[in-house]
Amino acid sequence: MNDLRAPSSDDAFRARALRALEKKVLWLSTWMIHQANFVRSNRDGMKIGGHQASSASVATLMTALYFDVLRPVDRVAVKPHASPVFHAIQYLLGRQTRDKLERFRALGGAQSYPSRTKDTDDVDFSTGSVSLGVAMALFASLAQDYVRAKGLGKDAAPPGRMIALVGDAELDEGNVHEALLEAWKHDVRNVWWVIDYNRQSLDSVIIDRLFDKIEAMFRNVGWRVVTLKYGRELEAAFRRPGGQALRAWIDGCPNALYSALVFKGGAAWRERLAHDLAGVAGIETWLAAHDDASLARLMTNLAGHDLPTVLDAFHALTDDRPTCLIAYTIKGYGLPIAGHKDNHPGLMTEEQMDRFRAENGIVPGAEWDRFAGLDVPAADLECFLATVPFAASPSRRHLAERVPVPPALPVPEGERMSTQEGFGRLLIELSRAAGPLADRIVTTSPDVTLTTNLAACRTCVSGVAGPA
Ligand SMILES: Cc1ncc(C[n+]2csc(CCOP(=O)(O)OP(=O)(O)O)c2C)c(N)n1
């Protein structure tokens, strides 16, 4: 360190360190997938796959969360296709091995989708089938409330925030909407759903103006909605002559056209804007002041890729109100496949990867080096990583005390009965016996307490999801 002040007290240093880590997260997640597909030996030639574009879309959001915003008590459901980003972050934090990254999607390697059972780097929720993690984060918050209300938790730490990083297409799944209503019934708290609004799904572009509806839906169930649309550079451009027309143009731009222009790049942006905004005072001068590369950079400066904007938005959430953050992003941001309509399973070619490696200042052979090519010295980054709040405790897992379970349960009296009745009567006996086991039994039956004979069971709370 040149600066004698502690890194954590130096805002400028923090900003530089976070920016460097954001770049490294994008590099490592992209390289991990490339390496698995093009470098690692492949005995049978079968497709390996991986999602470079989906990962790039959330590199900034996840950098902000894991390296600055999260505390050990928080829990995150990571968008399934962003698994490489999660593993890259854990690697930078020293909680994932290079060997597992090199075996991404292979037996024993880092998993395609974050897995609590198969991954070893502290996954909070297994996500894979899209939308399940989203709902899980929400139900985890209800479970947390239950545990705290019953005094079953061990410590008096403040409640964790249950955070889901949500692909916009995940909202097509019905369980998400059921979960929202259920959460409303139970006055859910401490939940953030961060929607990675890249407006691209697997096969298609998200229908325009869907988000008016989605926003209304969240507000309807009492959630705060925070929309992060433009980054600071675009906001500055909107303040220049012609800027209001530019903003109106982007606001009205169909999702499919925006994605296509992102993919085509600066020359295409120039041609389209010169045509559509012809005659608007200030636009011609503004266009002339940018070369193609800087024009493309500016037109893709969405808030979900603008680290300071993202950090400010997260840090502004200081109460426990459930919150939906809609972060405008670009699928494949920072990669040559950005915006391409088929980029969901798309992989960068070897030539594209060679260029990307050079742009990242990484020499062949140094691809896994945690700090290669960054403009912050490695020792300073190690210093910074040692102060990351999320990594402050060595383990985030809690082990519950063992609860004694009777060796046998009395067979319910009676000649004949249905299994449903038998089950209900066994549970009633357990509940009458009271004690720690009874205190911890929660049924998750949705609205079938009577028909499953659980009505007399004093500890059973029907409709609350998740065992304590
Ligand atoms: C339950 C379920 N339905 C459909 C799919 C197929 N599928 C895989 S990815 C995907 C779209 C992903 O889009 P999005 O959630 O917006 O994430 P992105 O990768 O675009 O960021 C779909 C529909 C799935 N995996 N699981």
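The rules we used
Residues numbered from 1 in each chain as written. Predicted model: local features only at pLDDT ≥ 70, side-chain atom pairs only at ≥ 80, totals over all residues. Heavy atoms only, no water. pLDDT = per-residue confidence, 0-100. Contact = heavy atoms within 4.5 Å. Helix = DSSP H or I, 4+ residues; strand = E, 2+ residues; numbered from the N terminus. Domains from an automatic or database assignment. Buried area = accessible area lost by both parts, 1.4 Å probe. Salt bridge = Lys/Arg side-chain N within 4 Å of Asp/Glu carboxyl O. Polar contact = N/O pair within 3.5 Å; in protein donor to acceptor, adjacent residues only side chain to side chain. Nonpolar A, V, L, I, M, F, W, Y, C, P; charged D, E, K, R; others polar. Near = heavy atom within 4 Å. Areas by Shrake-Rupley, 256 points an atom, 1.4 Å probe, with all protein chains shown as cover. Buried < 20%, exposed > 50% of the residue type's maximum accessible area, 1.4 Å probe, protein only. Core = buried A, V, L, I, M, F, W, Y, C linked by side-chain atoms within 4.5 Å. Pairing = 2+ DSSP bridges. Axes fitted to C-alpha atoms, helices over the stretch in contact; angles between N-to-C directions. Phe/Tyr/Trp six-rings, centres within 6.5 Å; stacked < 30°, edge-to-face > 60°.

As annotated in an unreviewed UniProt entry, the protein chain carries the name Transketolase N-terminal domain-containing protein and comes from Defluviicoccus vanus.

K.L.:
Help me understand the confidence of the model for the protein chain, please; the structure alone is not making it clear to me.
P.N.:
In this model, the protein chain carries an average pLDDT of 92, and 94% of its residues clear a pLDDT of 70 or more. Per-residue pLDDT stays below 50 along residues 1-8; that stretch engages in ten contacts with residues further than four places along the chain or on separate chains. Of the regions scoring below 50 in pLDDT, residues 459-468 engages in 30 contacts with residues more than four places distant in sequence or in other chains.

K.L.:
Which parts of the structure should I look at to understand the environment of valine 25?
P.N.:
Of note, valine 25 is situated in helix H1 (residues 11-39). In the structure, valine 25 is positioned 64 residues away from isoleucine 89 in sequence and 6.4 Å away in space, judged by C-alpha atoms. Beyond its immediate sequence surroundings of up to four residues, valine 25 is in contact with Ala59, Thr63, Phe67, Val85, Ala88, Ile89 and Leu92.

K.L.:
Just checking my understanding: could you explain the domain arrangement of the protein chain for this structure?
P.N.:
Accessible area lost upon the coming together of the parts serves often as the stated size of an interface. Taken domain by domain, the protein chain holds domain 1 (11-229 + 302-391), domain 2 (234-298) and domain 3 (403-468). Of the residues lining the interface, 15 residues belong to domain 1; the matching set on domain 2 comes to ten residues. When domain 1 packs against domain 2, the two sides together hide about 980 Å² of surface, and 57% of this comes from carbon and sulfur. If you look at where domain 1 meets domain 2, you find one salt bridge. Residue lysine 229 is joined to aspartate 251 by a salt bridge in which the shortest nitrogen-to-oxygen separation is 2.8 Å. Our enumeration of links across domain 1 and domain 2 arrives at three residue pairs in polar contact (both at pLDDT 80 or more). Taken together, the residues that form the side of domain 1 that touches domain 2 break down as nine nonpolar, three polar and three charged.

K.L.:
Looking at this structure, I do not really get the site of the ligand. What am I missing?
P.N.:
The immediate surroundings of the ligand are formed by 17 residues, with Ser54, Lys79, Asp168, Gln200 and Lys331 found nearest. Backbone polar atom of valine 130 to a nitrogen atom of the ligand: 3.3 Å apart, as the coordinates give it. Glutamate 173 has a polar side-chain atom sitting 3.1 Å from a nitrogen atom of the ligand. Taking 580 Å² as the accessible area of the ligand by itself, protein coverage stands at 77%. A breakdown of the residues in the shell around the ligand according to their chemical character gives three nonpolar, eight polar and six charged.

K.L.:
Sorry if this is basic, but what is going on with the pattern of salt bridges here?
P.N.:
Opposite charge on two side chains makes pairing possible when the charged atoms of those side chains draw close. Summed over the entire model, instances satisfying the criterion amount to 26 salt bridges. With a closest N to O distance of 3.0 Å, aspartate 292 and arginine 270 form a salt bridge. In this pair, aspartate 292 sits in helix H14 (residues 292-299) while arginine 270 sits in helix H12 (residues 266-276), placing the two residues 22 residues apart along the sequence. Take aspartate 292: its relative accessible area is 34%, and that puts it in the partly exposed class. We note a salt bridge from aspartate 276 to arginine 272, for which the minimum N-O separation is 3.0 Å. Of this pair, aspartate 276 and arginine 272 are both found in helix H12, four residues apart, which corresponds to roughly one turn of the helix. Residue class for aspartate 276 comes out partly exposed when judged on its relative accessible area of 30%. Here the residues in one salt-bridge network are Asp122, Asp124, Arg396 and Arg397, joined through shared partners.

K.L.:
How do you make sense of the side chain of asparagine 360 when you look at a structure like this?
P.N.:
Tracing the backbone shows asparagine 360 in the loop between helix H16 (350-359) and helix H17 (378-385). Apart from residues no more than four positions distant in its own chain, asparagine 360 is found in contact with Lys23, Trp27, Ala372 and Gly373.

K.L.:
Would you mind going over the nonpolar core with me for this structure?
P.N.:
Nonpolar side chains in soluble globular proteins generally cluster together in the buried interior. In this structure, Met62, Leu65, Tyr66, Phe67 and Phe314 are the most contacted members of the largest nonpolar core, which totals 70 residues. Residues in contact with phenylalanine 314, not counting those within four places in the same chain, are Leu61, Ala64, Leu65, Val69, Trp192, Val194 and Leu325. If you look at the next biggest cluster of nonpolar residues, it comprises 55 residues, including Leu171, Trp193, Phe238 and Leu273.

K.L.:
What am I meant to see in the pairing of strand S3 (residues 191-197) here?
P.N.:
A regular strand places its side chains on the two faces of the sheet in alternate fashion. Most of S3 is tucked away, with seven of its seven residues classed as buried. On S3, burial covers both faces: Val191, Trp193, Ile195 and Tyr197 on one face and Trp192, Val194 and Asp196 on the other are all buried. Where strand S2 (residues 162-167) meets S3, six bridges bridge the pair, whose relative direction is parallel. When the bridges of S3 are listed, isoleucine 163 appears paired with tryptophan 192.

K.L.:
What am I meant to see in the sheet that holds strand S4 (residues 224-228) here?
P.N.:
Pairing between the strands of a sheet is mediated by backbone hydrogen bonds and can be parallel or antiparallel. In space, the five strands of this open sheet follow the order S1-S2-S3-S5-S4, with parallel pairing throughout. Single-partner strands in this sheet number two, and they are strand S1 (75-77) and S4. For this sheet, the mean inter-axis angle between neighbouring strands, taken without regard to orientation, is 15 degrees. Looking at chain direction, S4 and strand S5 (residues 323-328) are connected through five bridges and run parallel. Pairing of threonine 227 across the sheet is with isoleucine 326, part of S5.

K.L.:
Just checking my understanding: could you explain the side chain of aspartate 68 for this structure?
P.N.:
Along the chain, the position of aspartate 68 falls in helix H3 (residues 59-69). A polar contact is formed between the side chain of aspartate 68 and the side chain of arginine 14, at a distance of 2.4 Å. Beyond its immediate chain neighbours, meaning those up to four positions away, aspartate 68 contacts Arg14, Leu18, Thr63, Leu311, His315 and Pro389.

K.L.:
What am I meant to see in the packing of aromatic side chains here?
P.N.:
Any aromatic ring pair is given by two values, namely how distant the centres are and how the planes are angled relative to each other. In total, this model carries 14 aromatic pairs according to the counting rule given. On the numbers, 5.7 Å between centres and 85 degrees between planes, the contact of tryptophan 193 with phenylalanine 218 is edge-to-face. One end of the pair, tryptophan 193, is in strand S3; the other, phenylalanine 218, is in helix H8 (residues 210-220), with 25 residues separating them in the sequence. You can call tryptophan 193 buried: its relative accessible area is 0%. Judged by relative accessible area, which is 0%, phenylalanine 218 ranks as buried. Of the aromatic side chains, those joined through ring pairs into one cluster are Trp27, Trp31, Phe356 and Trp368.

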